[in-house]
There are 2 protein chains.
Amino acid sequence: MTPNNPSYQRYLSTLKQSPFLKDSSIESLEALLSQMTEERWISKNFKSSLEVSTTFHFIISGRLKVFKSNPDTGREHTVFVLSNGDVFDVLSLLDAEPHDVYWEALDVLEVLKIPMDQMRLWINKYPIIHKAILYYLGERMRQLMDVATDVTLHSTLVRLATLLLKNVNGETQELELINNLPNDEIAGLIGTTRSVVSRHIQELKRCGAITVSRKKINVKNLQMLLSVAEEKHVP
Amino acid sequence: MTPNNPSYQRYLSTLKQSPFLKDSSIESLEALLSQMTEERWISKNFKSSLEVSTTFHFIISGRLKVFKSNPDTGREHTVFVLSNGDVFDVLSLLDAEPHDVYWEALDVLEVLKIPMDQMRLWINKYPIIHKAILYYLGERMRQLMDVATDVTLHSTLVRLATLLLKNVNGETQELELINNLPNDEIAGLIGTTRSVVSRHIQELKRCGAITVSRKKINVKNLQMLLSVAEEKHVP
DNA sequence: ACAAAACAACCACCTAGGTACCACTTGATG
DNA sequence: CATCAAGTGGTACCTAGGTGGTTGTTTTGT
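Structural notes, computed from the coordinates. The model shown is predicted, which means the values in this text are computed figures rather than measured ones. (Residues numbered from 1 in each chain as written. Chains lettered and ligands numbered in written order. Predicted model: local features only at pLDDT ≥ 70, side-chain atom pairs only at ≥ 80, totals over all residues. Heavy atoms only, no water.)

**Here we look at the relation of the copies chain B and chain A**
The operation linking the two copies of the chain is a rotation about an axis combined with a translation along the axis. Each copy of the sequence occupies a distinct position, and chain B is placed on chain A by a rotation of 180° and an axial shift of 0.0 Å, giving an RMSD of 0.0 Å. Taken together, the rotation and translation describe the operation of a two-fold axis. Using C-alpha coordinates, one finds that chain B approaches the rotation axis most closely at B:Ala148, a distance of 1.7 Å. A shared interface surface links the copies, since 100% of the contact residues of chain B are contact residues in chain A too. (Least-squares fit on C-alpha atoms with pLDDT ≥ 70 in both. Contact = heavy atoms within 4.5 Å.)

Structural data, given as structure tokens:
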């Protein structure tokens, strides 16, 4: 990609803000961008990691879920929802071990791609990035530990309330990140099934903690949601 | 610690074999060791991460479980069992964010400690280690993804069988790593409770997949265990 | 604007697995 | 060797939540 690409500046500024590329110089980012190509994923576009990934991706806009699934039962469990500034597939960047994870676009997704080998070369050229990557992975690790233990340590209602709380926008009381997600995606996020999510959303509506209008969930009573999340109170 | 410490050579060779310190030169490892002090943790010795950790630890021998818990119900979920060559707490090394995880010795544990700041200085001095750390974290990440999704995607029986399979020693058909672990530790590993583990161990015994004698579990029918783990067959 | 597909709500049933016991064994300790 | 605590086996009960199906409502594509 060359600087005369109409989206060049927008791409550059997204890269600059990416935690993965924290502390990288503008020159190094421009060098990186020059080797990248743009790609658009439409919703439901899907990628498996069973074929070892030879391309490294940066997300410019849109949302991507990373999930595992059980082909026998058809159930899925989402481990991350990635958005602008995030990258994948980091693990294939570090080593060539296979691991069976799936990626699927939840929206229209704008990504920048670069061949894995070139990304490795770039990293070796600008080794300062190692620290940023470590920091990035550490953050992911922490999230992942919660995902891992939430299912056994907390009930689905508590997990739902916690998920909502994690996504409330301070002013509007709206749920930015997970809004417009169908119930079964929410189910995947907290490790349960669609019908159980539906059941609990009704429960929270009934007791006045939230309101729902055309897929947008609004938080009405933050305090109540908090007490549900902390298992202090059963509605 | 100085080279005339009676265990010096043993410590050095454990460090040399640690994946966390992969590719480090002998000189750098000796520099590291010179700043470390030894410590012994007895079984059940316990450490919380709520006070931000100011010490970095290397495990020389013994097993340490890393777990999260729900203080209300008393349930625990183990995310890792660390042993010789492993390190903790990596996350506090990367940044100073709090995260509530607990560590507990399962055996007598030999650890080497070093103040967090000195460890950071050492890393900066020998930056080649960054790659090894990344690799190490990546491996952990992969394990963690399985832990995170196993509970929702597979039944407890399947998870138990999988855990056993992960630990069979090729020759003796014995379960090295998890042997001598009480049932409730096994329960913590697969995200369930003691009585359920007991129930399923009986089940596997009854159908001849394993035998149990004085805490040692032996695998009798590997094939059967495999088919249980793959959900092909319900005993 | 209309048909088709996707999604949400609701219900009724069912089972995996969690809770709470008690009784037996084992191994450690004074 | 007597006692005590820890670990285990086993049971009965119960409920959270998963399954499947039906209906009505949005959203989407043509």
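**Quick notes on the interface of chain B and chain A**
Between chain B and chain A, the residue contacts involve 40 residues of the former and 40 residues of the latter. At the surface where chain B touches chain A, the tally comes to four salt bridges. Residues B:Arg142 and A:Asp95 are paired through a salt bridge, measuring 3.0 Å at the closest nitrogen-oxygen approach. Where chain B touches chain A, the interface holds 10 residue pairs in polar contact (both at pLDDT 80 or more). Put simply, the parts of the chain that give the side of chain B that touches chain A at least two residues each are β4 (64-70), β5 (75-82), α3 (90-94) and α5 (129-153) of chain B. Residues of the side of chain B that touches chain A, tallied by class, amount to 17 nonpolar, 11 polar and 12 charged. (Salt bridge = Lys/Arg side-chain N within 4 Å of Asp/Glu carboxyl O. Polar contact = N/O pair within 3.5 Å; in protein donor to acceptor, adjacent residues only side chain to side chain. Helix = DSSP H or I, 4+ residues; strand = E, 2+ residues; numbered from the N terminus. Nonpolar A, V, L, I, M, F, W, Y, C, P; charged D, E, K, R; others polar.)

**Observations regarding the pairing of strand β3 (residues 55-61) of chain A**
Residues and elements named next belong to chain A. Here β3 lies mainly inside the structure; five of its seven residues are buried. The pairing of β3 with strand β8 (residues 109-115) spans six bridges and is classified as antiparallel. Each bridged residue has a counterpart across the sheet, and for isoleucine 59 the counterpart in β8 is valine 111. By the bridge criterion, two bridges tie β3 to strand β6 (residues 87-88) in an arrangement that is antiparallel. Within the sheet, the bridge partner assigned to histidine 57 lies in β6 and is phenylalanine 88. (Buried < 20%, exposed > 50% of the residue type's maximum accessible area, 1.4 Å probe, protein only. Pairing = 2+ DSSP bridges.)

**Observations concerning the packing of helix α6 (residues 156-167) of chain A against helix α8 (residues 194-206) of chain A**
Residue and element names in this part refer to chain A. Orientation of α6 relative to α8, taken along the N-to-C sense of each, is 70°, at an axis distance of 10 Å. Relative to α8, the element α6 lies roughly perpendicular. For the pair α6 and α8, the contacting residues are Thr156, Leu157, Leu160 and Leu164 in the first and Val196, Val197, His200, Ile201, Glu203 and Leu204 in the second. Across the contact of α6 with α8, the residue classes break down as seven nonpolar, two polar and one charged. (Axes fitted to C-alpha atoms, helices over the stretch in contact; angles between N-to-C directions. Parallel < 35°, antiparallel > 145°, perpendicular 65-115°, else oblique.)

**Structural notes on the protein's contact with DNA strand D**
Surveying the vicinity of DNA strand D reveals 15 residues, the closest of which are A:Thr156, A:Thr192, A:Ser195, A:Arg199 and B:Asn183. Protein-proximal atoms of DNA strand D, defined as those within 4 Å of the protein, fall in sugar or phosphate at a share of 54%. In the model, a base oxygen of DNA strand D is placed 3.0 Å from a nitrogen or oxygen of the A:Arg199 side chain. B:Gln202 is positioned with one of its side-chain polar atoms (N or O) 3.2 Å from a phosphate oxygen of DNA strand D. Among the secondary structure elements, those contributing two or more residues to the surface near DNA strand D are α8 of chain A together with α8 (194-206) of chain B. Looking at the surface near DNA strand D, its residues break down into two nonpolar, nine polar and four charged. (Near = heavy atom within 4 Å.)

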